[in-house]
Every structure is written in structure tokens, then in C-alpha cells.
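Structure at a glance
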Amino acid sequence: MNFLKAVSGIIKTNGLAAPVQPKYTVTKEHSDYEERHYEPMVWVSSTIRTTVKKNPAAEGFMKCLRYLEGNNDQKKTLYMTIPVIINIELLGPSTDPETEIIFTTSFFLNESLFEDGKIPQPTEEDVYIQEIPAMDIFVRRFGGFARGQAWVEENDKLMASLEEADKECLEEKPQTYSVGYDPPFKLMNRRNECWIVKKSQHVENTAAGLEPVTD
């Protein structure tokens, strides 16, 4: 399936003026980042365990996209929402191409569209539903077409600001997310964000049967 066609097809047929996104309140603004409180959320996620030398981004995205297109136990087509979030957990040095990574891609789900509150369950391997309680997140926003190094640089800037102002609110190894709001064919006014989860609010990214890389 063509990637651009798949995404644009869902966005154009959802019948909404703008894609739905999680509900949040900005609790504090800083010069280069803000603090947000998010209400409880439901996400469909795909977690892939692989190595640094491989790039599972497209695979994880397409697994979640197929869930929206009907790869669920209700065979229900769901609306594309925003944002798409990615969490990467390194299990060794990033400079070693053989280092294992746990790569999680997640799409926000609009619960108001589910009949009787029943969330369609994924039928594809390594895809699962995450019900996340209310949480607090540090957010840095930036524009343009974000690539791998851009995410690293922007996340480093957010970390530097937090270590100076709010270090006590961080885990020793903070959980970070790369967050995208726009389809690839949007050229102007793009919205990207780096998220860092506040201390003691770690989100567990797991999939049944997730095994260490052996090849």
C-alpha cells in the first residue's frame, strides 16, 4: 500500500474539520518549553524490538495504520487522529549498530466513537491497546520536516532547560517521545514536539511475545 495514499485517504474521509487530539491543559509556560497536564488517554501502539542499524519507523506506523483501517476484532474503520508519538529505548550505546532498541509507535484513539465504550482490539501481532492515566509532560515545540538528528538536538535542548530549572522533576533516565502532528504532504507550518514525561509517571510500552533480537 502506498504510504501517502493510505494516510491522506483516512484524513480526507474522516468528516472532521480537524483531526482529534488528546485533551490537555497548559499548566505552566517557560521561554522555550511548557508543562502540560493530559487527561486519561487511549492509544493503539506497536512495539518492535530490533537493532540500531535497522529502521522500524515505517513498519510500526503501518501496523497502527492497518489497525485503523480494520485490522481489529470489530473490523471497524477508525479516524486518523493526532499526534503520532514514538518512543525509542536504547539497550546499549547508540554508536554501536548492533545495539538493541525497543521502538514503540502510538496513535491516539478517540474513545467517543466507540460503541458502548468497547475499544476494538488489534488482531495483528505486536499491536496492542494502551490505556494511560492522567499525566504531566514537559513539551518543546518546533517546526519544519523533523529528521533523526533534529529530534536528538531538540530533545537535548529540552533536557538542558529542564536540568537547569526542574531537575528534581526528572527520572534518572527520563522517558522521551518524538511527536508529529502533520501528514508528510503538509509543507508549511509543521508542528513537531519533544515530550519528556515527569518523574514517577513512566509509561510501560510492552507487547505480548516481545523477544530479544537473535539474528
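So, here's what we can say about the structure.

What counts, and where the lines are drawn
- Residues numbered from 1 in each chain as written.
- Predicted model: local features only at pLDDT ≥ 70, side-chain atom pairs only at ≥ 80, totals over all residues.
- Heavy atoms only, no water.
- Helix = DSSP H or I, 4+ residues; strand = E, 2+ residues; numbered from the N terminus.
- Buried < 20%, exposed > 50% of the residue type's maximum accessible area, 1.4 Å probe, protein only.
- Contact = heavy atoms within 4.5 Å.
- Areas by Shrake-Rupley, 256 points an atom, 1.4 Å probe, with all protein chains shown as cover.
- Pairing = 2+ DSSP bridges.
- Axes fitted to C-alpha atoms, helices over the stretch in contact; angles between N-to-C directions.
- Expected span 1.5 Å × (residues − 1).
- Core = buried A, V, L, I, M, F, W, Y, C linked by side-chain atoms within 4.5 Å.
- Patch = residues over 30% accessible without salt bridge, like charges linked within 9 Å, V, L, I, M, F, W, Y side chains within 5 Å.
- Salt bridge = Lys/Arg side-chain N within 4 Å of Asp/Glu carboxyl O.
- Polar contact = N/O pair within 3.5 Å; in protein donor to acceptor, adjacent residues only side chain to side chain.

Details of the overall build of the chain
A count of helices and strands for the chain gives three helices and nine strands. When each of the 215 residues of the chain is scored for burial, the buried share is 45%. Long-range pairs, those at least 24 residues apart, make up 73% of the contacts in the chain with a sequence separation of at least 6. Total accessible area on the chain is roughly 11800 Å²; 50% of this is exposed by carbon and sulfur atoms.

Concerning the sheet that holds strand β2 (residues 34-38)
One key point about sheets: their strands pair by backbone hydrogen bonds, in either a parallel or an antiparallel sense. Read from one edge to the other, the open sheet built from nine strands follows the order β1-β2-β7-β9-β8-β4-β5-β3-β6, with strand pairing classed as antiparallel. Looking at strand neighbours, the two that pair on one side only are β1 (24-29) and β6 (127-132), the edges of this open sheet. On average, adjacent strands in this sheet sit at an angle of 30 degrees to one another, irrespective of strand direction. Against the sheet, helix α3 (residues 148-165) makes contact with β7 (135-142), β8 (176-180) and β9 (192-197), and its axis sits at roughly 45 degrees relative to β9, the strand it touches most.

Observations regarding helix α2 (residues 57-68)
The periodicity of an α-helix, 3.6 residues per turn, causes residues three or four positions apart to be oriented the same way. The end-to-end C-alpha separation of α2 is 17 Å, in line with the 16 Å expected for 12 residues at 1.5 Å each. Three or more residues of α2 are buried, namely Gly60, Phe61, Met62, Lys63, Cys64, Leu65, Tyr67 and Leu68. Remark: Gly70 follows α2 within two positions and exhibits a positive phi of approximately 130 degrees.

Section: the nonpolar core
Generally speaking, nonpolar side chains in soluble globular proteins are found buried as a group. Ranked by internal contacts, the top residues of the largest apolar core, which has 17 residues, are Val44, Tyr67, Phe107 and Leu109. Elements with a minimum of two residues in this core: β3 (41-51), α2 and β6. The element contributing the most residues to this core is α2, with six residues. Not counting chain neighbours up to four residues away, the residues in contact with Phe107 comprise Val42, Trp43, Val44, Phe61, Cys64, Leu65, Leu68, Met80, Pro83 and Val84.

Topic: a nonpolar patch on the surface
Judged by side-chain polarity, Phe145, Leu187 and Met188 come together as a nonpolar surface patch covering roughly 350 Å² of accessible area. With respect to the helices and strands, Phe145 occurs in the loop between β7 and α3. Among the residues examined, Phe145 registers a relative accessible area of 38% and is labelled partly exposed.

Here's the deal with the side chain of Glu193
Looking at the secondary structure, you find Glu193 in strand β9. Given a relative accessible area of 0%, Glu193 falls into the buried group. Among the polar contacts listed, one links the side chain of Glu193 to the side chain of Arg36, at a separation of 2.7 Å. What Glu193 contacts, discounting residues up to four positions off in sequence, is Arg36, Val139, Arg140, Arg141, Phe142, Trp151, Tyr177, Ser178, Val179 and Tyr181.

Observations concerning the pairing of β7
Along β7, six of the eight residues are buried, which leaves the element largely enclosed by surrounding structure. As paired elements, β7 and β9 share six bridges and run antiparallel to each other. Within the sheet, the bridge partner assigned to Arg141 lies in β9 and is Glu193.

Some words on unusual backbone geometry
With an omega dihedral of 0 degrees, the bond running from Ile82 to Pro83 counts as a cis peptide bond. Of note in the backbone geometry, Lys75 takes a positive phi value of approximately 50 degrees without being a glycine. Positive phi is not limited to glycine here, since Asp126 has a value of about 70 degrees. Looking at the secondary structure, you find Asp126 in the loop between β5 (100-108) and β6.

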